[in-house]
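One-letter residues, chain by chain:
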Amino acid sequence: MSSTASMTFGAVHSIQRIPSGLICLSEKGSIRIRFFQEEVTELTYSPDGMWNDFSYAVVAQPEDIPVIIEDDIHVVRLMSSRLHVHLHKHQGTIAFLLPDGSLLNEDEPGLPVSYIGTQVTCYKKLQEGERFIGLGEKTGALDRRGHGYQNWNTDAYSYHAGTDPLYCSMPFYMGLHHGRQYGIYLDNTFKSFFNFGASNNRFSSFSAEAGVMKYYFMSAPTVAALITHYTWLTGRIPLPPRWSLGYQQCRYSYYPDKEVLSTARTFREKEIPADAIVMDIHYMDQYKIFTWDKKHFPDPPALIRQIKELGFEITLMCDPGIKTEPGYEPYDDGVLQDVFAKYPDGQYYTGQVWPGWCHFPDFTNPRTREWWREKLKAYADLGVEGYWNDMNEIATWGNMIPENIEFDMDGRKSTTREARNLYGFQMARSTYEGAMSLFNNRRIFNLTRSGFSGVQRYSAVWTGDNVSYDEHMMLGIRLVNSLGLTGVAFAGYDVGGFVGEASTKLFARWISIGALSPFFRGHTMINSKDSEPWSFGEEVEQIARNYIRFRYQLMPYLYSLFHEASQTGMPVQRSLAISYGHDWRVYQGHSQQQYLFGPFIMVAPVESHKQFLKIFFPPGDWYSLFDGSRIKGDQELILECPIHRLPVFVHGGALLPMQRPVQNTKETVDELILHVYAGDNATSFLFYDDDGATLDYAKGVFAKRTIKYLPSERKIILSASEGSYQSHCKTLKLMLHGFDSIGQIMSNGQSFEVKADVHSFFLPLEKYDPIHDPDSMGEEHIQHSTIPYVSAEILISW
C-alpha cells in the first residue's frame, strides 16, 4: 500500500452471499454489506479480507432480515422492504435508494473508498440543497454544510465558538435533502475527519487516520426515527435517579464541610428547590482521588448524613490520575495489580495533572475496571450516589499525551491513536458499572466530560469548561441540541459559565434557560465571586427561584421524557431540526438555538442584553407560557423578551402532567396537575412514574398510562395504568388553557364543576417593581376542575 498515492479497492469480480447481505471480492480487498434492520445497513471495507466486529460503541446485533439480491454485469443490488443498496462493480461505489427509486445518498463517482497511507476515506456526492446535522459536541452552526471537523477528544479549557475538537467524539451525522433524510455512523475510534463540502464543491467525506472503513447507513421517514435507529445501534440512556433531574449546585470548590452544609441550608431557607451539592477536587487530600482532606472534611460520613437529611445528594469529582506516591494506597495497589497504561517497553506512562505526576488506569482492561470498582467502594460505603468523571480526555499539563502509550482494548492491544477517543467513554463505563454493582438495587448518577458514541449508556455529558459571556451561553444550547441529535439525551452546560464571572443579567437569563435543559447545574471557577442563585441580588434571586420552581413543577412531564429517551433515544432537548428539518427557517442564525423541551414546550433562547427577539413559530397554534396569549404558527415574529421572561411557548394540544412546587424531588405529592392547551388536532402523551430511585421498574414496578386529547370528540382520556407501582396521587386537577367556557365536565359518569380563575406558573416579582409592575411574570385566565385520580381508565368529556 503506497504512502504517497491513493489505493482503491478496485473492481468487484465476485460476490459471496452471507445472512442478510453479501461479501464483494474486489481486486485489492473485500467489501461486506449486511442489513442489521430493514433500514439499517453495515458496510465494511477490508484490505485483507479479515472481519473484526469488535466495537465499544455498537451493541446491536444484526437481525434476520429478508434481503433480495440481484447481480448483473454492472450492479449488485441488495434490497430490503425499505432500503435498497446498489454496488457499482466497476469502481466499487455505493448508492442508497428508497424502494420507489428516490436517491438518498451515493458515493462520489470516480472517488470510491480509498486509502492514502493508513488513512481511509469515503467520499459522498453532495446533493442539491443538502444539509447536514449532528456530530454531537461540535461548535458552529446547526447546518454543518461548508464546514469540516475532526474527532480527537481534547481538554478544551475556555474554548470559543469555533473551537474544534472539544471533549467528545460522536461520528454520527444526518443528511437532509428533497424531503428525505438518512444517517451515517462511522464506527472507528481513531482520529477522524468529516468534511461537509468545506474547501470544495464536489463532495462530502469522512475519514479515519487508521483502521478499517466501517460505517452504518440508515434511512427513515423522519429525523426522529433516524435517532431511534442510531440509539438502537449504540444504546440508550438508562433511566436516571429522579434527584439527578433536579437542580445541582457546584463550584470549584465548596470547602470546608461547614460551607457545604451552609450552602445546602441556604437553599432550604430561601425556598429555592435543589437536589444535589457537587464537590470539586478540594474535598480530596492534595487532589488525590479516593481520599478526603482531613482538615476540611474531618468526618465525611457525618457530612453526607446531614446533607441527605436536608434532602440533598452528594456528587463527587472523580479524576483518573493516580499520583505516583509510594504509601498512597491506590498507587501502591495499582502497581501491584498492574492496571496502568504503559509505554511499549513496559514502563508506566506518567503525566502531570492536579495531584502532580500521575499514572492513568487503562480502563480498556477488564482487570482495571474491576480494580476501579473496588476503589469506588470507599465512596459507595458513604452513600455517595453521584459521580463526576472529569479530566478524562486524558487531560494533562501540556495537553499532548504520547501516541505510543499502549492499551489493552479488551485483549486486542492498541495504542493511544485508537484508544484516546475511548478513554473518557471507558472511564465513564467503569464508574457506572462499578458503582451500580456496589448499590443494592439503587440507581446512580454518572456524569462525564469526555466520551464517544454510546457513552449515553453509562453517563450524562456536560459541555466542559465554558465561559461567562452571552455567546458561550448560546453556544452551549447548540451543543446540547447537537448532542441530543447523536443519542445523548442527558446533557447540559455549566449555568453561569465556569470561566469568568457572570453579570447579573447574564446569570438571570442563563438560569432561566438552564431550568429547561436536561442536565441542570450551576458552577463557577475558583477565586471567582459566588454564583449561587441568591448571589446576584434580590431581583435575580426571585427570577432564579421562579424558573427553578417551574422545573420542579414540570417534574412529572420531565421524568416521562427521560423514560421516553430510555426507550426510543429521543432527546429531552430537541433541536427544531428533528420535527421541522426540511424548513429552511430552522437554520437561520436567530432560530437555530430554538428547541423543543419534549414534544410540547418551545424555548427561544436569547442573549441577556437583548430586549427583543425574532422567533420562528412552526406550524400550529402556540401559547405564551406567561399570559396564555395565542399565536398562529408558520411565521416569524419579533417579540419582547425582558430579562425576567424567557420566550417560552406551549403548543396547541399540549398535555403537560405537572405537580405543585416542591423543594426537592423526594417530596411526596398527592395531586397530579394536568395542563391541557386547546388545539385543533388530537394529541397524546405517555405519562410515566415509578419510585425514582431503585431498579424495581425493570421488574414491572412502574405506572404508565397514555393521555389523549381528542378535540373533535371533546374528550380527554387517561388510559388504565400499566404496571404495579402505586401512585401517591389521589386527585387530578385539570387546568384548561384556551378553551371556550365550560360549565362542567363529566368523568366516569360523574359531573364536576369547572371554575374560572387567574393562573400563573410563577410567583410575582415583588421586588422587581412593586409599585408599577408587581406581577411582572404575567397571568392568564384559565378554567379548572378537580376529580379523583384512579388507576383505571379516566374518561373526561364536556
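Scroll up for the structure.
Residues numbered from 1 in each chain as written. Predicted model: local features only at pLDDT ≥ 70, side-chain atom pairs only at ≥ 80, totals over all residues. Heavy atoms only, no water.

1. A word on the overall build of the chain
Item 1. Summing up its helical and strand segments, the chain has 11 helices and 53 strands in all.
Item 2. Expected size for 798 residues packed as a compact globule is a radius of gyration near 28 Å; at 27 Å, the chain falls within 12% of this value.
Item 3. Summarising its shape, the C-alpha atoms of the chain cover approximately 80 × 70 × 50 Å along the three principal directions.
Item 4. The buried share of the chain, taken over its 798 residues, is 64%. (Helix = DSSP H or I, 4+ residues; strand = E, 2+ residues; numbered from the N terminus. Rg over C-alpha atoms; globule rule 2.2 N^0.38 Å. Buried < 20%, exposed > 50% of the residue type's maximum accessible area, 1.4 Å probe, protein only.)

2. Concerning unusual backbone geometry
Item 1. Each neighbour pair has its own omega, and for Tyr252 with Ser253 the value is 0°, a cis peptide bond.
Item 2. Cis rather than trans, the peptide bond between Tyr255 and Pro256 has omega equal to 5°.
Item 3. Looking at where Pro256 falls in the secondary structure, it is placed in the loop between strand S21 (248-251) and helix H2 (257-269).
Item 4. Of note, the phi angle at Asp338 is positive, near 55°, even though the residue is not glycine.
Item 5. With respect to the element layout, Asp338 can be found in the loop between helix H4 (329-337) and strand S25 (351-353).
Item 6. Residue classification places Asp338 among the partly exposed positions, given a relative accessible area of 27%.
Item 7. We note that Arg714 has phi near 55°; this positive angle belongs to a residue other than glycine.
Item 8. Relative to the helices and strands, Arg714 is located in the loop between strand S46 (703-710) and strand S47 (715-718).

3. Observations concerning the side chain of Asp408
Item 1. If you trace the backbone, Asp408 turns up in the loop between strand S28 (406-407) and strand S29 (414-415).
Item 2. What Asp408 contacts, discounting residues up to four positions off in sequence, is Asp362, Thr364, Asn365, Pro366 and Lys413. (Contact = heavy atoms within 4.5 Å.)

4. A short note on the pairing of strand S34 (residues 519-522)
Here is the key point about a regular strand: its side chains alternate between the two faces of the sheet.
Item 1. Because side chains alternate across S34, one face comprises the buried residues Phe519 and Arg521, and the other comprises Phe520 and Gly522, equally buried.
Item 2. Two elements, S21 and S34, share two bridges in a ladder whose sense is parallel. Each bridged residue has a counterpart across the sheet, and for Gln249 the counterpart in S34 is Gly522.
Item 3. Handedness of the strand S33 (residues 491-495)-helix H8 (residues 504-514)-S34 crossover: right-handed. (Pairing = 2+ DSSP bridges. Right-handed = clockwise from strand over helix to strand, strands pointing away.)

5. Considerations on helix H1 (residues 223-234)
Item 1. Across its 12 residues, H1 extends 17 Å between first and last C-alpha, which sits within 8% of the 16 Å expected from 1.5 Å per residue.
Item 2. Turning to H1, its buried residues number three or more, namely Val223, Ala225, Leu226, Ile227, His229, Tyr230, Thr231, Leu233 and Thr234.
Item 3. Taken from the residues just after H1, Gly235 is the one with a positive phi, measuring 100°. (Expected span 1.5 Å × (residues − 1).)

6. Quick word on the environment of Arg251
Item 1. When you line up the elements, Arg251 lands in strand S21.
Item 2. With 121 residues separating them in the primary sequence, Arg251 and Glu130 have C-alpha atoms 43 Å apart.
Item 3. At 3.0 Å, the side chain of Arg251 forms a polar contact with the backbone oxygen of Met525.
Item 4. Looking at Arg251, its side chain comes within polar contact range of the main-chain oxygen of Ser528, at 3.2 Å. (Polar contact = N/O pair within 3.5 Å; in protein donor to acceptor, adjacent residues only side chain to side chain.)

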